[in-house]
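One-letter residues, chain by chain:
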Amino acid sequence: MSATPHENPDSDNTQDEASSDPAQIEADIARHRQELGDTVDELTERLDVKKQARDKVQSIKTRADAGLGEVKTRLNSDDHRDVLSVLAPALGAVAAVVLIIGVARRVRR
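Rules behind the numbers
Residues numbered from 1 in each chain as written. Predicted model: local features only at pLDDT ≥ 70, side-chain atom pairs only at ≥ 80, totals over all residues. Heavy atoms only, no water. Helix = DSSP H or I, 4+ residues; strand = E, 2+ residues; numbered from the N terminus. Buried < 20%, exposed > 50% of the residue type's maximum accessible area, 1.4 Å probe, protein only. Areas by Shrake-Rupley, 256 points an atom, 1.4 Å probe, with all protein chains shown as cover. Patch = residues over 30% accessible without salt bridge, like charges linked within 9 Å, V, L, I, M, F, W, Y side chains within 5 Å. Salt bridge = Lys/Arg side-chain N within 4 Å of Asp/Glu carboxyl O. Lys, Arg positive; Asp, Glu negative; His and termini not counted. Charge placed at Lys NZ, Arg CZ, Asp CG, Glu CD. 1 Å grid on protein atoms, 1.4 Å probe; cavity = no way out; pocket = protein on both sides within 12 Å on 5 of 7 lines; lining within 4 Å. Points joined across faces, edges and corners; volume = space filled by probe spheres on them. Nonpolar A, V, L, I, M, F, W, Y, C, P; charged D, E, K, R; others polar. pLDDT = per-residue confidence, 0-100. Contact = heavy atoms within 4.5 Å.

Student: How would you summarise the overall build of the chain if you had to cite specific residues and measurements?
Tutor: Scanning the chain from terminus to terminus reveals 4 helices and 0 strands. Starting at the N terminus, the α and β elements of the chain follow one another as α-α-α-α. Counting across all 109 residues of the chain, residues that qualify as buried make up 6%. Per element, the accessible surface of the chain, about 9,700 Å² overall, is 56% carbon and sulfur.

Pasting the structure below:
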């Protein structure tokens, strides 16, 4: 005969006595409720596609702003030999932002 999860053939009856204590049972129920609530919150956040899209757009905008600041700094310097190497990443970042915004608008429709 197999033992149930609450039964341990090697243990003495101290576990059974602790399990039947109403305060212990209530504490276990409260802990399980909290764990289930946390799990539901995590799943809700993972399944929120619109929020993930907004976060991604914000991330790309932040990176584009940082790249633009770097481009401005390089262009304001006295060394203008690498203008194309400076402009290419900036134009790429702008194109990425425009693409993400276009995809986000298309998804909303």
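Read on, since the account is not over.
Student: Talk me through a positive patch on the surface; I want residue IDs and the actual numbers.
Tutor: A grouping of Lys50, Arg54, Arg105, Arg106, Arg108 and Arg109 is seen on the molecular surface, where their side chains present a positively charged patch. At the level of elements, helix H3 (49-76) and helix H4 (83-108) are the ones that each hand at least two residues to the positive patch. Here the positive patch gets 3 residues from one element, more than from any other, and that element is H4. With respect to the helices and strands, the residue Lys50 is situated in helix H3.

Student: Got a sec to walk through the layout of surface pockets? Specific residues and values, please.
Tutor: Roughly 330 Å³ of volume is contained in the largest pocket. Taken together, Val49, Lys50, Ala53, Arg54, Val57, Lys61, Ile100, Ile101, Ala104, Arg105, Val107 and Arg108 form the lining of the largest pocket. Among the elements of the structure, H3 and H4 are those that each provide at least two residues to the lining of the largest pocket. Residue composition of the lining of the largest pocket, by class: 7 nonpolar, no polar and 5 charged.

Student: Describe the pattern of salt bridges, naming the residues involved and giving the relevant values.
Tutor: All chains considered together, the criterion is met by 4 salt bridges. Across the salt bridge formed by Arg31 and Asp28, the nearest N and O atoms sit 3.6 Å from each other. Highlighted residues: Arg31 and Asp28, both in helix H2 (residues 22-46), separated by 3 residues, approximately one helical turn. Look at Arg31 and you get partly exposed, because its relative accessible area is 41%.

Student: Describe the confidence of the model for the chain, with residues and values.
Tutor: Summary statistics for the chain give a mean pLDDT of 78 and a share of 76% for residues scoring 70 or more. Mean pLDDT across the elements of the chain ranges from a minimum in helix H1 (residues 14-19), with 52, to a maximum in H2, with 93. In this model residues 9-14 is a low-confidence stretch, pLDDT under 50, and it forms 1 contact with partners more than four residues away in sequence or in other chains.

Student: Please give an account of the environment of Ala53 that cites residues and values.
Tutor: Tracing the chain through its elements places Ala53 in helix H3. Note: C-alpha distance between Ala53 and Ile101 (48 residues apart in sequence) is 9.6 Å.

Student: Please set out a negative patch on the surface residue by residue, giving values where relevant.
Tutor: A surface patch of negative charge is lined by Asp38, Asp41, Glu45 and Asp48. Looking at the secondary structure, you find Asp41 in helix H2.

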